[in-house]
Protein chains: 2
Amino acid sequence: VVDEEFLSRLRECLGERGLLTAAGDMAPYLREWRGHFQCAAGAVARPANTDETAAVVAACAEAGVGIVPQGGNTGLVGGAAAQSAESQIVLALDRMTRIREIDTDNDTITVEAGCILAEVQNAAAGVQRFFPLSLAAEGSCRIGGNLATNAGGVNVLRYGNARDLTLGLEVVLADGRVWHGLSGLRKDNTGYDLRQLFVGSEGTLGIITAATLRLFPAPAQREAAFAGVENPAAAVALLGRLRAVSGDNVIACELLPRFALELTLRHIPGCRDPLDAPHPWYLQVELASPAQGNWLREALESGLEAAFEAGEITDAALAGSLEDAAAFRHIREHIPEAQIREGASIKHDVAVPVSRLPEFVTRATAAIEEEMAGVRVCAFGHVGDGNLHFNLQQPEDADGAAFLKQAPKANRVIHDIVAELDGSFSAEHGIGRLKTGELIRYADPAKLDAMRAIKQALDPKGILNPGVLLADN
Amino acid sequence: VVDEEFLSRLRECLGERGLLTAAGDMAPYLREWRGHFQCAAGAVARPANTDETAAVVAACAEAGVGIVPQGGNTGLVGGAAAQSAESQIVLALDRMTRIREIDTDNDTITVEAGCILAEVQNAAAGVQRFFPLSLAAEGSCRIGGNLATNAGGVNVLRYGNARDLTLGLEVVLADGRVWHGLSGLRKDNTGYDLRQLFVGSEGTLGIITAATLRLFPAPAQREAAFAGVENPAAAVALLGRLRAVSGDNVIACELLPRFALELTLRHIPGCRDPLDAPHPWYLQVELASPAQGNWLREALESGLEAAFEAGEITDAALAGSLEDAAAFRHIREHIPEAQIREGASIKHDVAVPVSRLPEFVTRATAAIEEEMAGVRVCAFGHVGDGNLHFNLQQPEDADGAAFLKQAPKANRVIHDIVAELDGSFSAEHGIGRLKTGELIRYADPAKLDAMRAIKQALDPKGILNPGVLLADN
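Residues numbered from 1 in each chain as written. Chains lettered and ligands numbered in written order. Predicted model: local features only at pLDDT ≥ 70, side-chain atom pairs only at ≥ 80, totals over all residues. Heavy atoms only, no water.

Asker: Quick rundown of the overall build of chain A? Include the residues and the values.
Answerer: Of regular secondary structure, chain A possesses 17 helices and 21 strands. Compactness check: chain A gives a C-alpha radius of gyration of 23 Å against a globular reference of 23 Å for 473 residues, within 12% of the reference. In terms of overall dimensions, chain A has C-alpha extents of about 75 × 55 × 45 Å along its principal axes. Out of the 473 residues belonging to chain A, those deemed buried represent 63%. If you take every contact in chain A between residues at least 6 apart in sequence, the share linking residues at least 24 apart comes to 73%. Per element, the accessible surface of chain A, about 16600 Å² overall, is 48% carbon and sulfur. Across chain A, the centroid of the 42 positively charged side chains sits 3 Å from that of the 62 negatively charged ones. (Helix = DSSP H or I, 4+ residues; strand = E, 2+ residues; numbered from the N terminus. Rg over C-alpha atoms; globule rule 2.2 N^0.38 Å. Buried < 20%, exposed > 50% of the residue type's maximum accessible area, 1.4 Å probe, protein only. Contact = heavy atoms within 4.5 Å. Areas by Shrake-Rupley, 256 points an atom, 1.4 Å probe, with all protein chains shown as cover. Lys, Arg positive; Asp, Glu negative; His and termini not counted. Charge placed at Lys NZ, Arg CZ, Asp CG, Glu CD.)

Okay, here's the thing in structure tokens:
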């Protein structure tokens, strides 16, 4: 338990500055911004380096105190929400913000877990390289959290998830030992891939303290378009066409329905409709290549022209400047905020094979509209990844709180269809505390047992993020 | 143990056709082609499908019989070399060769473990897609083995290792249960990444029976060049330049020394020197893009011109046809065969960060030449991955067998330098039975302990490929 003796042990590890125990100091670390969880912790430990992190973990292991690791605290499923003042502390990585190394010949950057994502992007840009991980919270989320949750975002189509960008890790294990795995190697077949086991494990197997990440050549050509399409099937066809003509240089491809565009026009300053007439669905597309030249523009134009002739699109606007491209992106990025201003919404972060995305939208929309009269479906997201944020906006003039109470029913309807289509009920956001029940319901039993065995093997005392991911651990 | 009762149990699972026990029938499965290991097994089980595989594993678990899984038996480290007629069987996946599904909208192919790699490539090409995994043994290696060893090859630079191409797996676990993880999803954050744990685990954690793999748009432009360079540093610089001008479309970039070219000219029919004068080192480069157009040619020409002016290259030949490109590739692919014809050689499959590759070549060459008088270094490989096959050719007129006896000494010299440069002593080929000692010597102790804990958790009876990877398990 967290008692005075334990706290003074932590103070020895961390110094005065590294340990917060006053309620006011701890408050920012005990906020769960979606409002799903009340938070409590006996202290907030803020180590300055890996050695201090290891010392904190060793102390917790000895005392049997649970550790809730926290990066930017921007997660969506309560994975960083500490739950007990008696038996848990928050381990905040926000003082470990060093960029340890940039190696341009090896195209790698080595950063500490507390680096803010945007700072990693900027450091890469500073040496004419590109770090492609990009998501709405990039100004405040931290890379350790991005890796612990295997963050996705808009560039997964071309560059992969956080997992795919990670070459090496430094991790404090449950007994306080450090695995020094900060490899910048492209090839290393010397044993089990611990790296990929820690990425996406939501802090339940170890504490990521640093990572070596892949960099890419900086884009030299950039193009963007905003196209009106009849339906998601046309969007899938258009994406395939643009990937082919552009040489697989579509780096983002976001689908949104007319309703989402209308919400941003209504609620978000600076949004305007890029097309003259309304269309049922839209694709916001970005292309980029590090090659010099102007062939990407030609490829995009000829691709859109052919798509128009094939009846895949009904209209399209090409970005004539970086400002145009930013305006298109502005719409897509502000859908969540517009949804909040419109009222209550129930969110689903699902993925299906791209080939089944049109069927999913049709079936899920019909099923939910039958189940919840007046609901307004706002299904948008990463079409190239088969990943939709299938969000449900409350009926107009309905009571928001009453609407939110229907979330379990809505989840069942949507996630059952996802499961029938071999999809995922949590594509990007993870399990955290919010979706542990869904995991047990939908996961392959053999997988669940293997996960439990691994958790038991690597964290036998169960001190790492208790209650997260595997609720029964 | 493997006795009559156990064999009749297997016969019930597999039928007569699926079980081999006669020495002549078993012989092809008990051949270790590099000659490092004598093989023995009590039987060879050849299941026709996943259910039969599961039944065999369950029977072995009950009887405590070790399972040595085998694909095309082309591995280089004895990972498929069974060692006991009393306590082990070979589990050959070579009857499970179905292509279960190709989904062009999702860009995925689902294949059984026994599919030969070239057949997967051909199936992709048949639907205008590209499956990029490519290596010398592709005509006989099987995809299950490629995944179990996380195969690399020549296209890793652009497309990644086997690991990066794998979206989903079907795996028989150590107790005979099946994990149904054949996902075609790009995003799925619902628990630990078991997939990447099984990939590269060399059959020690589970038996891969099928996989869903990523496909890419088929190349529309292809270019190739063969350039003379002064040294590996110039090769690294040239690769960076070509990646930038081509829009990151260098798909293969192979470094070879003059000595390697000379060996192929001497021993391999159809090889000729693409350049007029000799150069100390060469780069064999291939570029490809799925985009229509001819800008890749222009990019390559302008890149080589600029490299010439910058002093990075001393001469270069551009492929004027697919035949030219094949001739360049022919040289690179036949270095191992030329080495065999030249006499005995000691092989090292190492990787270092790309930025440290020039230093590695200089230091390792000097150290080994001092240690072994007259040795001829033949260091070639995948410069973009920092992965060199740092092979040592016996001195001319030396005794081959006596030379080979110096392998442990050579390993120590080379692998110590690799370790100092934060490299890997086994970049592509894995650990198998051959390198278990090196793993224990060079691996981070915390990593080794975590690996042992995972092995114990997922295979508590130790029946899966005993003696491979973790020799003490």
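Asker: Got a sec to walk through helix 3 (residues 50–63) of chain B? Specific residues and values, please.
Answerer: Residue and element names in this part refer to chain B. Here helix 3 contains 14 residues, and its C-alpha end-to-end distance of 20 Å stays within 8% of the 20 Å for a straight helix at 1.5 Å per residue. The N-cap of helix 3, judged by a side-chain oxygen 3.2 Å from the amide nitrogen of Asp-51 a few residues on, is Asn-49. Looking one or two residues beyond helix 3, the residue adopting positive phi is Gly-64, at roughly 70 degrees. (Expected span 1.5 Å × (residues − 1). Polar contact = N/O pair within 3.5 Å; in protein donor to acceptor, adjacent residues only side chain to side chain.)

Asker: So what's going on with the state of the cysteines? Residues and values would help.
Answerer: A complete count under the given rule lists zero disulfides over all chains for this structure. Between Cys60(A), a free cysteine, and Cys13(A), which holds the nearest cysteine sulfur, the sulfur-to-sulfur gap is 8.6 Å. (Disulfide = S-S within 2.5 Å.)

Asker: If you had to explain the interface of chain A and chain B to someone new, which residues and values would you point to?
Answerer: Facing the 81 residues of chain A at the interface are 81 residues of chain B. For the chain A and chain B pair, buried surface summed over both sides reaches about 6400 Å², with 57% attributable to carbon and sulfur atoms. A per-residue breakdown of the area chain A buries against chain B is headed by Lys187(A), Asn189(A) and Tyr192(A), which together make up 17% of the total. On inspection of chain A and its partner chain B, the count reaches 10 salt bridges. Of the charged contacts, one joins Arg177(A) and Asp449(B) as a salt bridge, the two residues approaching to 2.7 Å between their closest N and O atoms. Going through the elements one at a time, helix 6 (156–159), strand 11 (178–181), helix 7 (194–198), strand 13 (216–217), helix 8 (232–246) and helix 17 (445–458) of chain A are the ones with two or more residues in the side of chain A that touches chain B. (Buried area = accessible area lost by both parts, 1.4 Å probe. Salt bridge = Lys/Arg side-chain N within 4 Å of Asp/Glu carboxyl O.)

Asker: I'd like to hear about the sheet that holds strand 3 (residues 44–45) of chain B, residue by residue, with values.
Answerer: Hydrogen bonds between backbone atoms are what pair the strands of a sheet, whose relative direction is either parallel or antiparallel. All names here are of chain B. Ordered by their spatial adjacency, four strands build an open sheet running 1-3-6-4, and the pairing between neighbours is mixed. The open sheet has two free edges, formed respectively by strand 1 (19–20) and strand 4 (66–70), since each of these has just one partner strand. Pairing geometry for strand 3 and strand 6 (residues 88–92), over two bridges, is parallel. Residue pairing for strand 6: Val-44 is matched across the bridge by Val-90. Contacting strand 3, strand 4 and strand 6, helix 3 runs over the sheet at an angle of about 170 degrees to strand 6. (Pairing = 2+ DSSP bridges. Axes fitted to C-alpha atoms, helices over the stretch in contact; angles between N-to-C directions.)

Asker: Can you tell me about the packing of aromatic side chains, naming the residues and giving the values?
Answerer: Residue and element names in this part refer to chain A. Applying the stated rule across the entire model yields 15 aromatic pairs over all chains. The interplanar angle of 45 degrees and the centroid separation of 5.6 Å between the aromatic rings of Phe-226 and Phe-328 together place this pair among those described as tilted. Taken together, the positions of Phe-226 in strand 14 (residues 221–229) and Phe-328 in helix 11 (residues 322–333) put the pair 102 residues apart, joining distant regions of the chain. For the pair Phe-226 and Phe-328, one class covers both residues: buried. In this structure, Arg-441 packs its charged tip against the face of Tyr-442, placed 6.0 Å from the ring centre. (Phe/Tyr/Trp six-rings, centres within 6.5 Å; stacked < 30°, edge-to-face > 60°. Lys NZ or Arg CZ within 6 Å of the ring centre and 35° of its normal.)

Asker: So what's going on with the relation of the copies chain A and chain B? Residues and values would help.
Answerer: For these two chains of identical sequence, chain A goes onto chain B by a turn of 180 degrees and a shift of 0.0 Å along the axis, with RMSD 0.0 Å. Within this description, the copies of the chain are treated as partners about a two-fold rotation axis. Looking at chain A, 100% of its interface residues are interface residues in chain B too, so the copies touch through the same face. (Least-squares fit on C-alpha atoms with pLDDT ≥ 70 in both.)

Asker: Explain the nonpolar core residue by residue, including any values.
Answerer: Counting residues in hydrophobic clusters, the biggest one holds 100 residues, and the most contacted among them are Phe360(A), Ile368(A), Leu392(A), Phe360(B), Ile368(B) and Leu392(B). Dropping the residues within four chain positions of it, Leu392(B) is found in contact with Ala344(B), Ser345(B), Ile346(B), His348(B), Ile368(B), Met372(B), Val375(B), Arg376(B), Val377(B), Phe403(B) and Ala410(B). (Core = buried A, V, L, I, M, F, W, Y, C linked by side-chain atoms within 4.5 Å.)

Asker: Let's hear about the side chain of Asn391(B): which residues, and what values?
Answerer: All names here are of chain B. Its location among the elements puts Asn-391 in strand 21 (residues 387–393). Asn-391 sits in the buried class, given a relative accessible area of 3%. Separated by 3.3 Å, the side chain of Asn-391 and the backbone nitrogen of His-348 make a polar contact. In this view, Asn-391 contacts Gln-339, Ile-346, Lys-347, His-348, Arg-376, Val-377, Cys-378, Ala-379 and Phe-380; residues no more than four positions away in its chain are not counted.

Asker: Which residues make up the pairing of strand 20 (residues 376–382) of chain B, and what are the values?
Answerer: Residue and element names in this part refer to chain B. A large share of strand 20 lies buried, amounting to seven of its seven residues. Two elements, strand 15 (residues 250–257) and strand 20, share two bridges in a ladder whose sense is antiparallel. Each bridged residue has a counterpart across the sheet, and for Leu-255 the counterpart in strand 20 is Gly-381. In this structure, strand 20 lies alongside strand 21, joined through seven bridges in antiparallel fashion. Within strand 21, the residue paired with Cys-378 across the bridge is Asn-391.

Asker: Tell me what's going on with the pattern of salt bridges, and back it up with residues and numbers.
Answerer: Scanning the model with the defined rule gives 62 salt bridges over all chains in all. For Arg376(A), the salt bridge identified is with Glu342(A), shortest N-O distance 2.8 Å. Taken together, the residues Arg376(A) in strand 20 (residues 376–382) and Glu342(A) in helix 12 (residues 335–342) connect sequence positions 34 residues apart. Of the two residues examined, Arg376(A) and Glu342(A), each falls in the buried class. We note a salt bridge from Arg98(B) to Glu112(B), for which the minimum N-O separation is 3.5 Å. Of this pair, Arg98(B) sits in the loop between strand 6 and strand 7 (99–103) while Glu112(B) sits in strand 8 (residues 108–112), and the two are 14 residues apart along the sequence. In the salt-bridge network here, residues are joined through shared partners; they are Arg98(A), Arg100(A), Glu112(A) and Glu170(A).

Asker: Break down the environment of Pro219(B) for me, citing the residues and quoting the values.
Answerer: Mapping Pro219(B) onto the fold places it in the loop between strand 13 (216–217) and strand 14 (221–229). Not counting residues up to four positions away in its chain, the partners in contact with Pro219(B) are Phe130(B), Ala288(B), Ser289(B) and Pro290(B).

Asker: Report on the side chain of His279(A), specifying residues and quantitative values.
Answerer: All names here are of chain A. Within the fold, His-279 resides in the loop between helix 9 (258–267) and strand 16 (281–289). With a relative accessible area of 9%, His-279 lands in the buried category. A distance of 3.3 Å separates a polar atom in the side chain of His-279 from the backbone oxygen of Ala-277. Setting aside residues up to four positions removed in sequence, His-279 forms contacts with Gly-228, Val-229, Arg-258, Thr-314 and Asp-315.

Asker: Tell me about unusual backbone geometry, and please be specific about residues and values.
Answerer: Residues and elements named next belong to chain B. A positive phi angle, close to 50 degrees, is found at Asn-150, a residue other than glycine. Turning to its location among the elements, Asn-150 is positioned in the loop between helix 5 (143–148) and helix 6 (156–159). Relative accessible area serves as the criterion here: at 4%, Asn-150 is assigned to the buried category. Of note, the phi angle at Asn-465 is positive, near 45 degrees, even though the residue is not glycine.

Asker: Explain the sheet that holds strand 8 of chain B residue by residue, including any values.
Answerer: Residues and elements named next belong to chain B. Reading across from one edge, 7-8-12-10-11 is the order of the five strands in this open sheet, with antiparallel pairing throughout. Either end of the sheet is taken by a strand with one partner, and the two such strands are strand 7 and strand 11 (178–181). Neighbour-to-neighbour, the strand axes of this sheet turn through a mean angle of 15 degrees, independent of strand direction. Summarising the sheet, strand 8 and strand 12 (residues 207–214) pair through five bridges and their orientation is antiparallel. Note that in strand 12 the partner of Glu-112 across the bridge is Ala-210. Packed on one face of the sheet, helix 3 meets strand 7, strand 10 (166–172), strand 11 and strand 12 and runs near 50 degrees to strand 10.

Asker: Provide a residue-level description of the confidence of the model for chain A, including the pertinent values.
Answerer: When pLDDT is averaged along chain A, the result is 96; 100% of the residues meet or exceed 70. For this predicted complex, the interface confidence comes out at an ipTM of 0.96, alongside a pTM of 0.96. (pLDDT = per-residue confidence, 0-100.)

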